[in-house]
Structure formats: C-alpha cells, structure tokens
Amino acid sequence: MNNDSRQIDPKRIVSMLNKSTEHMDASTRHALQRARSRAMAAKHSSNWHDGTIGLHLASLFDQHRLSMFVLAIALIAGSTGYWHHAQQHAATHLDLAILTDDLPMEVFVDK
Amino acid sequence: MEHRAYKQALFAVRNEESALDIVQDAMIKLAEKYGDNPASEYPMLFQRILQNTIRDFYRRQKVRNTWTTLFSSLQTSENEDGDPLENISSTNNSTPGTPDDELEQSRTIAAIEFALTKLPARQREAFLLRYWEELDTAETAKAMGCSEGSVKTHCSRATQSLAATLKAQGVELP
C-alpha cells in the first residue's frame, strides 16, 4: 500500500456523514426532537427548582428570625405571668393566714 | 447538534435505542448542569458529556455481558432459526425506485459508517470530534481527556484505517 492510498480527505467523509444525518428516518428525528424537548423541560425544571430553593431558603431565614422573635416574646410573657402569679399567690396566702389567725412569726418581726 | 450526536453514539454502541438514550441523557445532563453557562461553551461541554455517557454505557454493558454470558451458557438461544440479517440495523434509507446516484450515495454512506464502526473507539472519537464536530486539537483533547499529541495520532491513524477499509470495499469517495 503506497502513501497515496493511505490518505483520505476527512472533509469528504464528513460531507457524506452530513448527508447521512439529512436522510435520517422520521421516527429517529421525532425521538431526537422529543429528547431535546425533555432536556429543555429539565432545564426549566432545574431553574425553577433553583429559584424555589432560593426563595425557600430566604423564607426559611425569615421564618427563623420570626420564630426567634416569637420565642423571645413568649419567654417574656411567660416570665411576667409567672412572676405575677407568684405575687398573687403570696398575697392570697397571707390573706388566708390573717383570716385564720395563723400568721407566721416573721409577720410580727420588724424587719 | 443532536443528529450528529445520535450518529456518533450509534457508531459507538451500534444500537439505535441505546444511542437515543445516550443522546437524551447527554442533553439532559447538559441542560441541568450547564444550562446557565454561555452558549459558546455548549458544543465542547456537550461533546464531553456525550463521550462520558458513551463510556458509561460501555461499562454497564460490560457488566451486563458478564451476566448474559453466564446465563446464556445455561439455556439455548431462542433466535437460532431467525434471520441474522434482521438484526442488522439499516443505516441507508434507499427505497425501491431510488435513482442510481442516490443509491450509490447510500452505499457510500453505509460503507463509511461501517468503516467508522470498525475503528477503535478512541480513534473514532478523535476523528469525529476533530473533523465532524470541527473542534480544534486542544478542544478535542479536552473533550477526550488526553493530550493534543494523542489526538493527532488518533486522527492520523483513523484517517489511514478509514482509507484502507473503504479501499478494501471498493468505495470511491465523490
């Protein structure tokens, strides 16, 4: 085999390959078209998903801050309520003791 | 783009359904992972994904073939009486009544496609990326994950093999 027979112009092969893609059968063309549509749908879905995750993270961050605020309010309210309840309970206890004439010794002690 | 990709996959795996699956997987991967990249990067990225998807197919097929060989030794083939020509996919679309030149072209295309399927995978990959996809040597090397020198060697050997195979078939390129 001489050198000439071992050389071939790739462009001529490529030209024939291009013709072969032009003559692709209809079912294959449709299948490839469907595949492209699916890929595009996946891209949109991916973008939408990324956007959703972004929004979700943002709202999650806001929710976190909100929940911390609500928790702080609840703690303050709870503490205040407990203190108020404790004061009321002490007063009731003292009133009862006065009524039953069962006052503890410390009441009479001048502090 | 997808038509050439399909042909590339078909030359590599020699099965139409698998080739379609490979192209679809590659397109979805491109869209999902690199959809936000500049459009100018798509051809290179797509080729890299496509070649990787083809390699993944080879790996899966290797595992599958191991099991198939194991089980086929235990049972007789159901297709023993079938016509083997039925299993050869027709790549030319010549129909009865086609003009002579069109028939000749179909034969040439079929011969080229046959010659391409006979090339070693890396040579075929390099040849198609470099000449059909028109990537430059550096891009082809990047897509194939090898050096530019290897690309040149693969392309040169592929061209020689194609010339030899076509000559052996008596095919003259127009």
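Residues numbered from 1 in each chain as written. Chains lettered and ligands numbered in written order. Predicted model: local features only at pLDDT ≥ 70, side-chain atom pairs only at ≥ 80, totals over all residues. Heavy atoms only, no water.

J.: Can you walk me through the overall build of chain A in this structure?
T.: When helices and strands are tallied, chain A shows 3 helices and 0 strands. Ordered by position from N to C terminus, the α and β elements of chain A give α-α-α. Residue burial in chain A is summarised as follows: out of 111 residues, 17% are buried. Only carbon and sulfur atoms are counted for the fraction: they give 63% of the accessible area of chain A, which is about 8,900 Å². (Helix = DSSP H or I, 4+ residues; strand = E, 2+ residues; numbered from the N terminus. Buried < 20%, exposed > 50% of the residue type's maximum accessible area, 1.4 Å probe, protein only. Areas by Shrake-Rupley, 256 points an atom, 1.4 Å probe, with all protein chains shown as cover.)

J.: Hey, could you run me through a negative patch on the surface in this one?
T.: On the surface, D25 of chain A together with E16, E17, D21 and D25 of chain B cluster together into a negatively charged patch. On the secondary structure map, E16 of chain B appears in helix α2 (residues 16-34). You can call E16 of chain B partly exposed: its relative accessible area is 32%. (Patch = residues over 30% accessible without salt bridge, like charges linked within 9 Å, V, L, I, M, F, W, Y side chains within 5 Å. Salt bridge = Lys/Arg side-chain N within 4 Å of Asp/Glu carboxyl O. Lys, Arg positive; Asp, Glu negative; His and termini not counted. Charge placed at Lys NZ, Arg CZ, Asp CG, Glu CD.)

J.: Any chance you could explain a nonpolar patch on the surface here in plain terms?
T.: Residues and elements named next belong to chain A. A cluster of nonpolar side chains, contributed by L66, F69, V70 and I73, occupies part of the molecular surface with about 410 Å² of accessible area. Mapped onto the elements, L66 comes out in helix α2 (residues 26-99). By relative accessible area, which is 52% here, L66 ends up exposed.

J.: Help me understand the nonpolar core, please; the structure alone is not making it clear to me.
T.: Generally speaking, soluble globular proteins have nonpolar side chains that are buried together. Judged by nonpolar contacts, the single largest core of 27 residues is most densely connected at Y6, I22, V23, F46 and L50 of chain B. Those elements giving two or more residues to this core turn out to be α2 of chain A together with α1 (2-13), α2 and α3 (42-72) of chain B. It is α2 of chain B that provides the largest number of residues to this core, a total of 9 residues. Core analysis: the second largest hydrophobic core is formed by 21 residues, I8 of chain A together with I112, L116 and W132 of chain B among them. (Core = buried A, V, L, I, M, F, W, Y, C linked by side-chain atoms within 4.5 Å.)

J.: What is the right way to look at the interface of chain B and chain A in this model?
T.: Accessible area lost when the parts come together is the quantity often used to give the size of an interface. The partner chain A presents 30 residues to the 36 residues of chain B that form the contact. When chain B packs against chain A, close to 3,200 Å² is buried across both sides, 69% of that on carbon and sulfur atoms. Three residues, H3, W132 and L173 of chain B, lead the burial of chain B against chain A; their summed loss comes to 17% of the area buried on that side. In this structure, the connection of chain B to chain A is made through 1 salt bridge. Across the pair E2 of chain B and R36 of chain A runs a salt bridge whose closest N-O atoms are separated by 2.9 Å. Scanning the region where chain B abuts chain A turns up 4 residue pairs in polar contact (both at pLDDT 80 or more). Only α1, α2, α4 (100-118), α5 (121-132) and α7 (148-168) of chain B provide two or more residues apiece to the side of chain B that touches chain A. Counted by class, the side of chain B that touches chain A contains 21 nonpolar, 8 polar and 7 charged residues. (Contact = heavy atoms within 4.5 Å. Buried area = accessible area lost by both parts, 1.4 Å probe. Polar contact = N/O pair within 3.5 Å; in protein donor to acceptor, adjacent residues only side chain to side chain. Nonpolar A, V, L, I, M, F, W, Y, C, P; charged D, E, K, R; others polar.)

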